[in-house]
Amino acid sequence: LVHLIKIAQHFDLNQYTLSRQEKCLDKFLKSMQEVLSKHNDTSLLEECSKTLYYFCDEETPIYSKCNITRSSILVDLVDKFTGAMHAFDKLTEVDENEMYPLQVALKRITVFAENHDITRYDLVQNTFTILKWAVYNEGFGHELVEKALTLARSILTWNMYKLDQKLVIAGLEDDDADKTSTSQ
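This one's a predicted model, so the numbers in the text were calculated from it and none came from an experiment.

From N to C terminus, the chain includes eight helices and zero strands. Counting from the amino terminus, the chain carries its helices and strands in the arrangement α-α-α-α-α-α-α-α. Overall, the C-alpha framework of the chain stretches about 70 × 50 × 20 Å when taken along its three principal axes. Here the chain holds 184 residues, and the buried ones make up 36% of them. By sequence separation, contacts in the chain at least 24 residues apart represent 76% of the contacts at least 6 residues apart.

It is worth spelling out the pattern of salt bridges at this point. Evaluation of the coordinates by the stated rule reveals five salt bridges. Measuring nitrogen to oxygen at the nearest pair gives 3.4 Å for the salt bridge that ties Lys80 to Asp76. Of this pair, Lys80 and Asp76 are both found in helix α5 (residues 63-89), four residues apart, which corresponds to roughly one turn of the helix. According to the relative accessible area criterion, Asp76 is partly exposed, its value standing at 33%. In this structure, Glu114 and Arg153 form a salt bridge, with 2.5 Å as the shortest nitrogen-oxygen distance. Placement of Glu114 in helix α6 (residues 96-115) and of Arg153 in helix α8 (residues 142-183) is noted, with a sequence separation of 39 residues between them. With relative accessibility at 43%, the residue Arg153 sits in the partly exposed group.

With that out of the way, let us pick up the confidence of the model for the chain. For the chain, per-residue confidence averages 87 on the pLDDT scale, and residues scoring 70 or more make up 91% of the total. Of all secondary-structure elements in the chain, the lowest mean pLDDT belongs to α8, at 80, while helix α4 (residues 42-55) reaches the highest, 95. Note that pLDDT drops below 50 for residues 180-184; the model gives that stretch zero contacts with residues more than four away or on any other chain.

With 20 residues, α6 extends 29 Å between its outermost C-alpha atoms, agreeing within 8% with the 28 Å of an ideal straight helix rising 1.5 Å per residue. All of the buried residues in α6 are Met99, Leu102, Val104, Ala105, Leu106, Lys107, Arg108, Ile109, Thr110, Val111, Phe112 and Ala113.

Here we take up a nonpolar patch on the surface. Nonpolar side chains collect at one region of the surface, where Leu1, Leu4, Ile7 and Phe11 lie side by side and expose about 380 Å² of accessible area between them. The class of Phe11 is partly exposed, set by a relative accessible area of 30%.

We now examine the environment of Val135. Mapped onto the secondary structure, Val135 falls in helix α7 (residues 124-136). Sequence separation of Val135 and Val145 is ten residues, and the distance between their C-alpha atoms is 9.4 Å.

Turning to the side chain of Thr110, a few remarks are in order. Residue placement: Thr110 occurs in helix α6. Taking the relative accessible area as the measure of exposure, Thr110 reaches 3% and is therefore buried. Once residues lying within four places of it in the same chain are set aside, the contact partners of Thr110 are Lys147, Thr150 and Leu151.

Quick look at the packing of aromatic side chains now. By the definition in use, this model includes seven aromatic pairs. Between Tyr16 and Phe55 the ring centres are 6.1 Å apart and the planes differ by 50 degrees, which places this aromatic pair in the tilted class. Highlighted residues: Tyr16 in helix α2 (residues 15-18) and Phe55 in helix α4, separated in sequence by 39 residues. Like Phe55, Tyr16 is buried. An aromatic cluster is built from Phe11, Tyr16, Phe28, Tyr54 and Phe55, whose rings are joined through pairwise contacts.

The rules behind each value
- Numbers given to residues run from 1 along each chain, matching the order in which its sequence is written.
- Confidence filtering applies because this is a predicted model: local features only for residues at pLDDT of at least 70, side-chain atom pairs given and counted only at 80 or more, and all residues used for totals across whole chains, interfaces and linings.
- Note: side-chain values were computed over all heavy atoms of the structure, leaving out hydrogens and water.
- By the criteria applied, helices consist of DSSP H or I runs no shorter than four residues and strands consist of E runs no shorter than two, each listed in order from the N terminus.
- For every residue, the accessible area obtained with a 1.4 Å probe (protein chains only) is divided by the maximum for its type, and the residue is called buried under 20%, exposed over 50%, and partly exposed between those limits.
- Pairs of residues are marked as contacts when any of their non-hydrogen atoms sit within 4.5 Å.
- Between Lys or Arg on one side and Asp or Glu on the other, a salt bridge is scored when a side-chain nitrogen of the former is within 4 Å of a carboxyl oxygen of the latter.
- Each residue carries a pLDDT value, the predictor's own confidence for that position, ranging from 0 to 100.
- Here the expected length of a helix is defined as 1.5 Å per residue gap, with one fewer gap than residues.
- Only residues whose relative accessible area exceeds 30% and that take part in no salt bridge are eligible for patches, with like-charged residues grouped when within 9 Å of each other and nonpolar side chains (Val, Leu, Ile, Met, Phe, Trp, Tyr) grouped when within 5 Å.
- Under the convention used here, a 1.4 Å probe and the Shrake-Rupley method define accessible areas, while residue burial counts only the protein chains that appear.
- What counts as a ring pair is set by centres within 6.5 Å for rings of Phe, Tyr and Trp (its six-membered ring), and what kind of pair is set by the plane angle: stacked under 30 degrees, edge-to-face over 60, tilted for all other angles.

Right under this line is the structure:
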């Protein structure tokens, strides 16, 4: 499956509209959603995330359809992570079996946070809750802490990117205003 998903990163996305292949696109996006709902393999999740990133290129005519699918996938991932966090908050001690849903949900959301902006979903508090628990309680696996740190890094990186974009836009607007005032 990993290699099949990876192949899609080389598709000519314009062909979906030029050849009237919208139904094939719909089937592909639906299949990807099904794969994501059934599998937890990290390499498969990474390739699905990269492929979805490729398909969500704003310059292509299929962007809006792919973006809707991406939003649906991200909402599902966030809901599962939030649900797992609610169950985690009720724990009084770390139990590996009870932590499994959180581990899976955190792995999935972390992989997608690398390629997709998830800052609109308030995940910072949940991420730092995991990290605080890891500091003050024994029995936390290194993988869980690593995923939480990676998620926190991704959230910070996306926020810095958005701030940078705002500064670039503000800088361009200031430059345009300066040019207008000096030419008058």
